[in-house]
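# Inside the fold
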Amino acid sequence: MEEPMRLSAFSEEAQSGIAPNPVAQAAWHGLMWLVVANTVGVMLAALLLFPNLNGALGEWTYGRWMMVHMNLELYGWTSMPLLGFLFKVYGVDRGPAALWCRPVLWVWSAALGAGALAWLSGHSSGKLFLDWQGYTRILFIGALLTLWLFLLLKSSLLSGSGLRSGKDRRVWWAKLVGLVVLLAVPLLLYFASSPAVYPPINPDTGGPTGASQLESSLIVVLILLTLPCGIARRLPGKRRAIGVAWWVLAAESTLCAAMGRANASHHQPLQYMSLGTLLLWLPLIPAYYSAFAWHDNTRRWRTALYGWWGALVVTGWVLFLPGVLDKFKFTDGLVGHTFVAMAGFTSTALILVVVQILGDGGWVFNRTRSFYAWHGSVIAYAALMTIAGWLEQSNPAFTMIPGTLRNLLYALRLLTGSFMLLASLDWFVGASRLLREPASLRIDPLQEKTA
Amino acid sequence: MSLSPPNNGQRAIAVRALDLWKSYDDGAVTVLQGIDLECFEGRSVALCGPSGCGKSTLLHLIAGLDQPDRGRVWVNGSELDRRRNLLNLLRHEIGIVFQLHNLIPDLTLEENCLIPAVAAGTNPHAARQRLGELAERTGLHKRLKHRVQKLSGGERQRTALCRALMNRPKILLADEPTGSLDERTGGMVFDLLLELVNAEGVTLLMSTHDRALASRCDRIVEMHDGRANETVCVL
Ligand SMILES: Nc1ncnc2c1ncn2[C@@H]1O[C@H](COP(=O)(O)OP(=O)(O)OP(=O)(O)O)[C@@H](O)[C@H]1O
Ligand SMILES: [Mg+2]
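Residues numbered from 1 in each chain as written. Chains lettered and ligands numbered in written order. Predicted model: local features only at pLDDT ≥ 70, side-chain atom pairs only at ≥ 80, totals over all residues. Heavy atoms only, no water.

Let's shift gears to the overall build of chain A. For chain A, the count of helices and strands is 17 helices and 2 strands. With 451 residues in all, chain A has 50% of them scored as buried. Looking at chain A as shown, the accessible area adds up to about 20,800 Å², and 69% of this sits on carbon and sulfur atoms. (Helix = DSSP H or I, 4+ residues; strand = E, 2+ residues; numbered from the N terminus. Buried < 20%, exposed > 50% of the residue type's maximum accessible area, 1.4 Å probe, protein only. Areas by Shrake-Rupley, 256 points an atom, 1.4 Å probe, with all protein chains shown as cover.)

Dropping the structure here:
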């Protein structure tokens, strides 16, 4: 049984109300973009239902807003809370360094704002999620490098003060390796954004370009295994669960490397069998996570994480099977799966991390109404899109030409999207409150009132 | 410089291109070298010239699908560059028949034609009625539920024609509308094209290799070396 733990990440200043917590600031930025991107998402869902509204949009058409929606969800919502994670892990959320967190976050947000305007004006590389062109490419890469330099210069890494004991030395090396890996992100992003590096559309298949499924899934596992490190204490006597997880990851990576990337058709048994080895992670992730000490406020988010992880791994594997993928490819069915991955799994993992670091301040994400509105809507959304995808395979025009059943499904989709928007607004308002009134860091004012 | 369009009798100018230049591959291939062109409302113009001389390129520039390196284009009296909403032009004022027809093979004839109407915000009932009318005239009414992959070449061209006319455009740009068809079928499709265009008072700008078909248009414009010369004027 795990004991509830009080892990407060706040500096003395924050608790006495002088400076707001940088992790809360990062969460606030992420939530701001979540609200913006979700609002755009709701607008897009409404446009699909009422195509006449397209006329009112002028040049800023559905296709351009679509990029804004997707990119802001990715580079805003699913990225900025991780800045909070990095602040915490590299220890720059305390002391004098903490003052720099705010400008670093605003540089990032400003680049995203510029990006949104550029996408709306029609500047695009044509590559989904690698849509940094012209000056926005410079701005966004600049924001990434600013963060990187900040972590390098303001963490204790350079002073070498962490090198005293053996354990400290290991942590020091881990942080250094982390920084080196992080540096690869802006560089890769810069080069991969160019349409010259690889084409947005695979000329042989007419489909999107991409590499091995197993490879990218293992990177997700690696991230999942890394997340608790630095924000949660390891529980004594739980070494085995942790060791087993890292060994399995090593074994699968070896398998992945041995398979190589050539001719990775999902019709080859080797491909779908090897992808099936990911099912091992269904029990391994919960076991790994329960080897750490978590704040009480994370309880429902950990449960949600295990649920979404299971759903993601199982549906991901099933969708990849020969015969299934061929039917669902490019349909709304895959949109549903993406929702399980991003709105379900990724969002939950991020919120878990933020709640753990915020500790008592994690009440922001713990209100029952927003919790169930979010998860219920994501489940309903994924189900609706699976149905739409199923209908689409026998009738490819199903989603394009308005008809009764299509309109019904799309109206329900609009409804679920609206509930998700409301949930994100609830979180955003809570996070704004955290920043304004450091006193509310400890307990949900809503509960206080009712209590 | 003020550029008021010259008057041709009572007719307004539907399409005007002035000194259009276009090159590809960072200037390695210069295709258009100062094209001037005028099409009067309700008239038909044939663009002729050897393969690769830039007919499709010119049509794409006029439709606003691509941008010239230099030069100006007016459609229905307003300049493309200044248009705040180019999509409105594509949705309501111009119909295009592409050289390779660009139909979506997995969709039915009906679905292909309904898509532009959906995008323009026409109500589905009215759109189906319009399609019924066009399909009747082009002899496609029995094929509405067929997937494009199952249609013959001539049927596909006629489908592309119906799709281009769905939103009652004032101008029809047709890029080799009979290019992939044998002489007889090509002749039939062209008859249909002229008939529809005349019935609805549409301005037609069409590229073609077929001299016989070209001579049935009101005017022929010859393109070579990236320039345009008028050869016949039957106005
Ligand atoms: N996107 C492009 N990139 C590079 N070159 C191009 C591009 N599009 C067209 N070209 C070149 O420009 C020239 C004109 O092409 P265009 O398609 O306009 O000719 P065309 O007169 O329509 O020919 P055809 O009668 O064969 O249809 C050709 O030499 C072609 O290779
Ligand atoms: Mg051509």
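Back to the write-up after that little detour.
Before going further, it helps to examine the interface of chain A and chain B. Counting residues at the interface gives 14 residues for chain A, matched by 14 residues for chain B. For the pair chain A and chain B, the summed buried area comes to about 1,100 Å², and 63% of that belongs to carbon and sulfur atoms. When the buried surface of chain A facing chain B is broken down by residue, A:Glu59, A:Met400 and A:Ile401 rank first, second and third, together holding 38% of it. Remark: the boundary between chain A and chain B carries 0 salt bridges. Taken together, chain A and chain B are joined by 2 residue pairs in polar contact (both at pLDDT 80 or more). Partitioning the side of chain A that touches chain B into residue classes produces 6 nonpolar, 7 polar and 1 charged. (Contact = heavy atoms within 4.5 Å. Buried area = accessible area lost by both parts, 1.4 Å probe. Salt bridge = Lys/Arg side-chain N within 4 Å of Asp/Glu carboxyl O. Polar contact = N/O pair within 3.5 Å; in protein donor to acceptor, adjacent residues only side chain to side chain. Nonpolar A, V, L, I, M, F, W, Y, C, P; charged D, E, K, R; others polar.)

Next up on the list: the site of ligand 1. Residue and element names in this part refer to chain B. The local shell around ligand 1 holds 13 residues, among which Ser51, Gly52, Lys55, Ser56 and Thr57 are the closest. The separation between an oxygen atom of ligand 1 and a polar main-chain atom of glycine 54 is 2.9 Å. One of the side-chain nitrogen or oxygen atoms of histidine 209 is found 3.1 Å away from an oxygen atom of ligand 1. Isolated, ligand 1 exposes 640 Å² of accessible area, and the fraction of that covered by the protein chains is 63%. The element best represented in the shell around ligand 1 is helix H1 (residues 55–62), accounting for 3 residues. (Near = heavy atom within 4 Å.)

Distances from the magnesium ion (ligand 2) to its protein donors, B:Ser56 (OG) and B:Gln99 (OE1), fall at 1.9 to 2.2 Å. Of this pair, B:Ser56 sits in helix H1 while B:Gln99 sits in the loop between strand S6 (94–97) and helix H3 (109–120), and the two are 43 residues apart along the sequence. (Donors = N, O, S within 2.8 Å, 3.2 Å for Na, K, Ca; no water.)

As a further point, take the packing of helix H4 (residues 124–138) of chain B against helix H5 (residues 153–165) of chain B. All names here are of chain B. Where H4 contacts H5, the two axes come as close as 10 Å, and the packing angle between them is 145°. Like other packed secondary-structure pairs, H4 and H5 cross with a definite hand, here right-handed. Residue-level inspection shows Arg130, Leu134, Ala135 and Thr138 of H4 in contact with H5, the latter providing Arg158, Cys162 and Leu165. Considering only residue class, the contact of H4 with H5 consists of 4 nonpolar, 1 polar and 2 charged. (Axes fitted to C-alpha atoms, helices over the stretch in contact; angles between N-to-C directions. Left-handed = near helix turned anticlockwise from the far one by under 90°.)

Bringing the domain arrangement of chain A into the picture now. Residues and elements named next belong to chain A. On domain assignment, one finds that chain A holds domain 1 (1–197) and domain 2 (209–260 + 267–401). Between domain 1 and domain 2, the residue contacts involve 24 residues of the former and 27 residues of the latter. Taken together, domain 1 and domain 2 are joined by 0 salt bridges. The interface formed by domain 1 and domain 2 contains 1 residue pair in polar contact (both at pLDDT 80 or more). Taken together, the elements giving at least two residues each to the side of domain 1 that touches domain 2 come down to helix H2 (22–49), helix H3 (62–77) and helix H4 (80–89). (Domains from an automatic or database assignment.)

Let us now look at the sheet that holds strand S2 (residues 29–40) of chain B. All names here are of chain B. Spatially, 4 strands are ordered S2-S1-S4-S5 in an open sheet, and the strand pairing comes out antiparallel. Here the strands that pair on one side only, and so sit at the sheet edges, are S2 and strand S5 (78–79). As judged from the 9 bridges shared by strand S1 (residues 13–24) and S2, these two strands associate in the antiparallel manner. In the sheet register, leucine 20 faces S2, and the bridge partner there is isoleucine 35. Its contacts with the sheet place H1 against S1, S2 and strand S4 (70–75), and it is angled at close to 60° to S2. (Pairing = 2+ DSSP bridges.)

Attention now goes to a nonpolar patch on the surface. Residues and elements named next belong to chain A. Where nonpolar side chains cluster on the molecular surface, the patch consists of Leu405, Leu408, Leu412, Leu415, Phe419, Leu422 and Leu425 and spans about 620 Å² of accessible area. Its place among the elements puts leucine 412 in helix H16 (residues 404–436). Take leucine 412: its relative accessible area is 35%, and that puts it in the partly exposed class. (Patch = residues over 30% accessible without salt bridge, like charges linked within 9 Å, V, L, I, M, F, W, Y side chains within 5 Å.)

This brings us to helix H14 (residues 332–358) of chain A. All names here are of chain A. The end-to-end C-alpha separation of H14 is 37 Å, in line with the 39 Å expected for 27 residues at 1.5 Å each. Along H14, the largest kink reaches about 30° and is centred on serine 347. For H14, the buried fraction is high: 22 of the 27 residues fall into the buried class. Sitting at the head of H14, threonine 331 places a side-chain oxygen 3.0 Å from the backbone nitrogen of glycine 333. (Expected span 1.5 Å × (residues − 1). Bend = angle between axes of the 7 residues up to and from the residue.)

Another aspect to go through is the packing of aromatic side chains. All chains considered together, the criterion is met by 24 aromatic pairs over all chains. Between A:Tyr190 and A:Phe191, the aromatic rings sit 5.5 Å apart at their centres with planes inclined by 90°, giving edge-to-face as the arrangement. With relative accessibility at 51%, the residue A:Phe191 sits in the exposed group. Pairing A:Phe365 with A:Trp427 gives two aromatic rings, centres 5.6 Å apart and planes at 50°, and the pair type is tilted. Of this pair, A:Phe365 sits in the loop between H14 and helix H15 (368–394) while A:Trp427 sits in helix H16, and the two are 62 residues apart along the sequence. Joined through ring pairs, the aromatic side chains of A:Trp246, A:Tyr288, A:Tyr289, A:Phe292, A:Trp294 and A:Tyr306 make up one cluster. Here A:Arg413 stacks its cationic end above the ring of A:Tyr410, 4.9 Å away from the centre of that ring. Against the face of B:Trp74 rests B:Arg16, its NZ or CZ located 5.3 Å from the ring centre. (Phe/Tyr/Trp six-rings, centres within 6.5 Å; stacked < 30°, edge-to-face > 60°. Lys NZ or Arg CZ within 6 Å of the ring centre and 35° of its normal.)

A word on unusual backbone geometry. Residue and element names in this part refer to chain B. A positive phi angle, near 50°, is found at aspartate 19, a position not held by glycine. Mapping aspartate 19 onto the fold places it in strand S1. Overall, the relative accessible area of 30% leaves aspartate 19 in the partly exposed class.

As a further point, take the packing of H15(A) against H16(A). Residues and elements named next belong to chain A. Viewed as axis vectors pointing N to C, H15 and H16 meet at an angle of 155°, and their least axial separation amounts to 8 Å. Classed by the angle they form, the pair H15 and H16 counts as roughly antiparallel. Seen along the crossing, H15 lies across H16 with a hand that is left-handed. Looking at the contact of H15 with H16, its residues break down into 18 nonpolar, 4 polar and 3 charged. (Parallel < 35°, antiparallel > 145°, perpendicular 65-115°, else oblique.)

Here we take up the side chain of A:Asp93. Assignment of secondary structure puts A:Asp93 in the loop between H4 and helix H5 (101–120). Here A:Arg94 takes part through its side chain, which lies 3.2 Å from a polar atom of the side chain of A:Asp93.

Attention now goes to helix H11 (residues 281–289) of chain A. All names here are of chain A. Buried within H11 are the following residues: Trp281, Leu284, Ile285, Tyr288 and Tyr289. Viewed end-on, H11 has its buried residues packed into an arc of 120°, placing them on one side of the element. Where H11 is buried, its residues touch helix H8 (213–226), helix H9 (239–259), strand S2 (292–293), helix H12 (299–320) and H14. (Arc of directions from axis to C-beta.)

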